[in-house]
Amino acid sequence: MGAQHDSVRDREIRSEQHHLDQVYRRLEEKIHEAEFLMDDASKRAQVGTPGALAERDAQVFRAGVHLNRLNSEFEDFLFGRIDLLEGKDGKRGPDGAYTSVEPAEGAVRADNTAGIHETLHIGRLGVLDADYSPLVIDWRAPAAAPFYRATPVAPGRVVRRRVIRSKGRRVLGVEDDLLRPELTAYLDGAELPVVGDGALMAALGRARSHSMRDIVSSIQAEQDMVIRAPAASVTEVEGGPGTGKTAVALHRAAYLLYQDRRRYAGGILIVSPTPLLVSYTEGVLPSLGEEGQVAIRALGSLFESEQAEAYDEQAVARIKGSARMVKLLRKAARGALVLGLRTPVPERLRVVALGGRIELDADELHEVRQQVLGGTAPVNLMRPRARKLLLDALWAKSGARRHHPDPELAAEARAGFDEDVAQEDAFLEFLDAWWPRLTPREVLGALTDEQRTARWARRVLRPGEARELARSLRERLTPDGQGPLSVHDVALLDELRQLLGAPPRPRVREADPLDQLTGLEELTTAADRDPGARASRAERTPEERTEYAHVIVDEAQDLTPMQWRMVGRRGRHATWTIVGDPAQSSWTDPDEAAEARDEALGKRPRRRFELTVNYRNPAELATLADQVLALAMPGVAPPRAVRSTGIEPRFTAMAGDTGAAVRAEAERLLGEVEGTVGVVVAMARRQEAAGWLAGLGDRVAVLGSLEAKGLEYDATLVVSPAEIADESPAGLRVLYVALTRSTQRLSVLSGERDLPDEAGVPDLLRD
Ligand SMILES: Nc1ncnc2c1ncn2[C@@H]1O[C@H](COP(=O)(O)OP(=O)(O)OP(=O)(O)O)[C@@H](O)[C@H]1O
């Protein structure tokens, strides 16, 4: 039986190998074509019309893309296949596949037999044969949707779904799902064979590394609904830990680009909570064949070239994240004008004009300033108005108006006066000192002074809060605003830039002729394909784009109101995808954050989805985490874990040296799993813990509890749940995050504070 089973498997693998060989042969033909075209192109470049050149460039491009991708990134170019019944109608889509989803009447005979009418192979890119029949369908094409959506309850035309595992040019294995088990289906005269079970389980059981994998071969139906949801307006996705929210968000970016490349040439921004999550996820889009148009940024890196990684204590983060900061910053941006941050503020303006000296004293200058500040423009953009009102005041002071009763002559004399005075060095120097062009950092630096901050914060923050704010800024910044920022400071800088006035927009990159073409499957330029150019493009992106066509927010539950404002400014005209889980929120005032989120999204209609299946944690670990969820968010239903390993979490009460106990347990876990081990400690222990684990190699990562968000490890070691839970008002939810990071094993170490029982189970985790 086993031998027979194996031989069916072998035969099926050979058959898929045959198909893959055909695909590669076709791609090689395209590559030769491309090389010929590229060679030919240089010769014809001088004589071609712009249209012909663009057309040729497009052809070169298509072949080049395949060449480039095949030669490098794709481990499993071809990963799926569906065998379909005849469809309701016989229309073919642009990829050559039949479009109908439901079977034709009579596709299944009365005796429950049926013939397979069409077989589609699904891969990372579409490939057509020389006769335009589809050899591989792009996973994002409509015809590929049934590969992800078909279920035994609603199979549509799909009889068998196959996941193909390959490496390079070799097919390694196949796993089938039979979606219409009641049928006896025939393909080429023989009964359709079915091999293996559980492609999804195989994918979930794989060891984890420090980079996330794409899930393109095993996207589940509820996830596919989100990935392919229409881009219009706002798509909101909620789901518990491990339900694939991050994976879905990344695949959605690739899908949107495929769907409407021209529209998303405006860029897709993915906002991630931490740099760790950025580096964990940034390989996924290139593996899906997409990179150029997508920027993945941590919240601390959204403003210019800042790269903040430091965290404030929760109490300070609450203040800095609160929408009340807008009022305070508005006062600071205006108030900073009179501080003489760079040069002392002059108290008198003296110019020489009309044959004499004209002077404005401190009171007169104060009056002019108040008049300018009556406007609503950003502070730096008020400068021209300041200049004009100063000239008005000088002109009035000169008394010259009296000498020109004729209005026309008066206007002429005034114009001459303005021209003379405005060019005077004394006037120019005065203006620079009196109405300096402030930078966001300078104003933030001004907030390091406690008394000043207290003044600006009057009736906005409580006195204690204002003191805390100034103290926290002073810890990192000099009075002129230099020094490292915290993640929350970055949103303050962005707000200040808005209040001060954005610098003039840099010139937009010239339009590429390829951007004008339509109907292409792919649309990047030769420059995109060149790694050197790609790198420099990526570096340039932050300055170039201040707004995006689509904004994806990951871990949205954690954005503070100020961060929502910052992200909102980058998507004023965008469509949005927002993924998050309120149960994992480390933000203490969800109502205030929800308000800011509503403001960022405006009145755009929203479409909501929920993900319900936990693909990360085995049931044994999920059950433990669920206990904490019940404490943190009573009544919230946890996601359903899909697999079970039979391995329960391990509990140990630490006696004596904490460092030694943590190190010993981490070493033990390293021996038990093949991939990564994440050690999660309270934020205050982060530095110390790095020392305990020094030298254990790069399979081990040390994380402060707030940094664990979104990440996953084969094994997780949670050190002192009580310390993590007590660190902030949202501590139980932070602990819930820590307990849901593992794909295989979980160890919990308890100290005295955890009040462990004799089995080492801490008080917080007992039933
Ligand atoms: N359809 C799928 N096929 C294979 N693996 C999947 C699938 N969906 C999710 N996974 C895997 O499950 C794990 C969890 O996914 P992901 O990190 O996207 O979840 P999440 O909802 O963002 O979790 P969290 O809220 O904890 O950050 C990842 O390893 C992901 O690759």
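The shown structure was predicted, so the numbers you read here are calculated from the model rather than taken from an experiment.

1. What to know about the sheet that holds strand β1 (residues 78-84)
(1) Moving on: Judged by pairing direction, the sheet is mixed, and its 6 strands sit side by side in the order β4-β5-β3-β1-β6-β7 without closing on themselves. Edge strands, defined here as strands with exactly one partner in the open sheet, are β4 (127-128) and β7 (170-178).
(2) Moving on: Relative to strand β5 (residues 134-138), strand β3 (residues 118-123) runs parallel, the two being bridged by 2 bridges. When the bridges of β5 are listed, I122 appears paired with I137.

2. Examining helix α27 (residues 731-739)
(1) Moving on: For α27, a buried count of 8 out of 9 residues is recorded, marking the element as mostly surrounded by other parts of the structure.
(2) Moving on: For α27, every residue scored as buried is listed here: G731, R733, V734, L735, Y736, V737, A738 and L739.
(3) Moving on: Contacts made by the buried residues of α27 are with α23 (619-632), β21 (677-681), β23 (713-719), α26 (721-726) and β24 (742-750).

3. Considerations on the packing of aromatic side chains
(1) Moving on: Applying the stated criterion across every chain yields a total of 5 aromatic pairs.
(2) Moving on: Their ring planes at 55° and their centres at 5.9 Å tell us that W434 and W435 sit as a pair that is tilted. Judged on exposure class, the residue W434 and its partner W435 are both buried.
(3) Moving on: In textbook terms, an aromatic cluster arises when at least three aromatic residues are bridged by ring pairs, as seen for F79, F147 and Y148.
(4) Moving on: Across from the ring centre of W434, 4.4 Å away, lies the NZ or CZ of R369, which sits over that ring.

4. A look at the domain arrangement of the protein
(1) Moving on: Domain boundaries in the protein define domain 1 (23-224), domain 2 (234-310 + 546-611), domain 3 (320-496) and domain 4 (619-765).
(2) Moving on: The centre of domain 2, based on its C-alpha atoms, is set 27 Å off from the matching centre of domain 4.
(3) Moving on: Of the residues lining the interface, 19 residues belong to domain 2; the matching set on domain 4 comes to 18 residues.
(4) Moving on: The junction of domain 2 with domain 4 conceals about 1,500 Å² of combined surface from both sides, 65% of it contributed by carbon and sulfur atoms.
(5) Moving on: The salt bridge partner of D558 is K709, with a shortest N-O separation of 2.4 Å.
(6) Moving on: One can count 7 residue pairs in polar contact (both at pLDDT 80 or more) joining domain 2 with domain 4.
(7) Moving on: Looking at the side of domain 2 that touches domain 4 residue by residue, the class counts come to 8 nonpolar, 8 polar and 3 charged.

5. Some points on the packing of helix α12 (residues 383-398) against helix α13 (residues 407-423)
Packed helices, taken two at a time, are described by the angle between their axes plus the distance between the axes.
(1) Moving on: Their axes nearest at 11 Å, the elements α12 and α13 cross at an angle of 115°. Classified by chirality, the crossing of α13 by α12 is right-handed. On the side of α12, the interface is formed by R387, K388, L391, D392, L394 and W395, while α13 contributes A410, A413, R414, F417, D418, V421 and A422.
(2) Moving on: When grouped by side-chain class, the residues that make up the contact of α12 with α13 number 8 nonpolar, no polar and 5 charged.

6. Some thoughts on the pairing of β21
(1) Moving on: Of all 5 residues that make up β21, 5 are buried, and the element is covered over most of its length.
(2) Moving on: Of the two faces of β21, the one lined by V677, V679 and V681 and the one lined by G678 and V680 are each fully buried.
(3) Moving on: Pairing geometry for β21 and strand β22 (residues 700-704), over 5 bridges, is parallel. Along β22, the bridge assignment pairs V679 with V702.
(4) Moving on: Assessed by its sense of winding, the connection that carries the chain from β21 through helix α25 (residues 686-692) to β22 is right-handed.
(5) Moving on: Here 4 bridges tie β21 to β23, and the two strands are oriented parallel to one another. Directly across from G678, in β23, lies its bridge partner T716.

7. Side note on the pattern of salt bridges
(1) Moving on: The tally for this structure, following the rule as stated, stands at 59 salt bridges.
(2) Moving on: Of the charged contacts, one joins R766 and D757 as a salt bridge, the two residues approaching to 3.9 Å between their closest N and O atoms.
(3) Moving on: Through salt bridges that share partners, E304, D494, E495, R497, R565, R569, R570 and E599 make up one connected network.

8. Comments concerning the UniProt feature "binding site: ATP" (unreviewed entry) in the protein
(1) Moving on: Mapped onto this numbering, the UniProt entry gives "binding site: ATP" (unreviewed entry) at G239, G240, P241, G242, T243, G244, K245 and T246.
(2) Moving on: Relative to the assigned elements, T243 resides in the loop between β10 (234-239) and α6 (245-259).
(3) Moving on: When neighbours within four sequence positions are excluded, T243 is seen to be in contact with Q223, L611, T612, V613, N614, Y615 and P639.
(4) Moving on: From its side chain, T243 meets the backbone oxygen of G240 in a polar contact 2.7 Å long.

9. Points about the sheet that holds strand β20 (residues 650-653)
(1) Moving on: An order of β20-β24-β23-β21-β22 is seen for the 5 strands of this open sheet, with the pairing classed as parallel. Lying at the two open borders of the sheet, with one neighbouring strand each, are β20 and β22. Ignoring which end each strand starts from, the neighbouring axes of this sheet average 20° apart.
(2) Moving on: In terms of strand pairing, β20 meets β24 through 4 bridges, oriented parallel. Pairing of T652 across the sheet is with L749, part of β24.
(3) Moving on: Helix-sheet contacts for α23 involve β20 and β24, and the interaxial angle to β24 is about 45°.
(4) Moving on: Relative to the sheet, α27 contacts β21, β23 and β24, its axis offset from that of β23 by approximately 145°.

10. Some details on the site of the ligand
(1) Moving on: Near the ligand, the surroundings consist of 24 residues, among which S218, K245, R616, E712 and R741 are the closest.
(2) Moving on: At a separation of 2.9 Å, an oxygen atom of the ligand approaches a polar backbone atom of G242.
(3) Moving on: T243 is positioned such that a nitrogen or oxygen atom in its backbone is 3.2 Å from an oxygen atom of the ligand.
(4) Moving on: In isolation the ligand offers 630 Å² of accessible surface; the protein chains occlude 97% of this area.
(5) Moving on: Elements supplying a minimum of two residues to the shell around the ligand: α4 (199-205) and α6.
(6) Moving on: Examining the composition of the shell around the ligand, we find that 3 residues originate from one element, α6, more than from any other.
(7) Moving on: Each residue belonging to the shell around the ligand can be placed in one class, and the counts come to 8 nonpolar, 10 polar and 6 charged.

11. Here's the deal with the nonpolar core
(1) Moving on: One finds L120, I122, W139, I268, I270, L285 and L739 to be the most contacted residues of the largest nonpolar core, which totals 81 residues.
(2) Moving on: Counting residues per element, this core draws most heavily on α6, at 10 residues.
(3) Moving on: Sequence-distant contacts of I270, defined by excluding residues within four places in its chain, comprise L250, A253, L285, V294, A295, I296, R297 and I552.
(4) Moving on: Grouped together as the second largest cluster of nonpolar side chains are 80 residues, L373, V421, L447 and L496 included.

12. Re the environment of G126
(1) Moving on: As for its placement among the helices and strands, G126 is situated in the loop between β3 and β4.
(2) Moving on: A relative accessible area of 9% places G126 in the buried class.
(3) Moving on: For G126 and L78, which are 48 residues apart along the polypeptide, the C-alpha to C-alpha distance reads 9.9 Å.

13. Observations regarding the confidence of the model for the protein
(1) Moving on: For the protein, the mean per-residue pLDDT works out to 85, and 87% of the residues sit at or above 70.
(2) Moving on: In this model, residues 506-543 is a region of pLDDT below 50 whose contacts with residues beyond four sequence positions or in other chains number 60 contacts.
(3) Moving on: Interface predicted TM-score (ipTM) for the complex: 0.99; the corresponding pTM is 0.82.

14. Some points on the pairing of strand β15 (residues 550-553)
(1) Moving on: Side-chain alternation along β15 places H550 and I552 on one buried face and V551 and V553 on a second face that is also buried.
(2) Moving on: Across 4 bridges, the pairing between strand β11 (residues 268-272) and β15 is parallel. Bridging from a neighbouring strand, I270 pairs with I552 of β15.
(3) Moving on: The pairing of β15 with strand β16 (residues 575-580) spans 4 bridges and is classified as parallel. Residue pairing in the sheet places V553 in a bridge with I578 of β16.
(4) Moving on: Crossover handedness for the path β15 to helix α21 (residues 561-569) to β16: right-handed.

Reading guide: rules and limits
Residues numbered from 1 in each chain as written. Predicted model: local features only at pLDDT ≥ 70, side-chain atom pairs only at ≥ 80, totals over all residues. Heavy atoms only, no water. Pairing = 2+ DSSP bridges. Helix = DSSP H or I, 4+ residues; strand = E, 2+ residues; numbered from the N terminus. Buried < 20%, exposed > 50% of the residue type's maximum accessible area, 1.4 Å probe, protein only. Contact = heavy atoms within 4.5 Å. Phe/Tyr/Trp six-rings, centres within 6.5 Å; stacked < 30°, edge-to-face > 60°. Lys NZ or Arg CZ within 6 Å of the ring centre and 35° of its normal. Domains from an automatic or database assignment. Buried area = accessible area lost by both parts, 1.4 Å probe. Salt bridge = Lys/Arg side-chain N within 4 Å of Asp/Glu carboxyl O. Polar contact = N/O pair within 3.5 Å; in protein donor to acceptor, adjacent residues only side chain to side chain. Nonpolar A, V, L, I, M, F, W, Y, C, P; charged D, E, K, R; others polar. Axes fitted to C-alpha atoms, helices over the stretch in contact; angles between N-to-C directions. Left-handed = near helix turned anticlockwise from the far one by under 90°. Right-handed = clockwise from strand over helix to strand, strands pointing away. UniProt positions renumbered as here; feature names shortened; annotations may be inferred. Near = heavy atom within 4 Å. Areas by Shrake-Rupley, 256 points an atom, 1.4 Å probe, with all protein chains shown as cover. Core = buried A, V, L, I, M, F, W, Y, C linked by side-chain atoms within 4.5 Å. pLDDT = per-residue confidence, 0-100.

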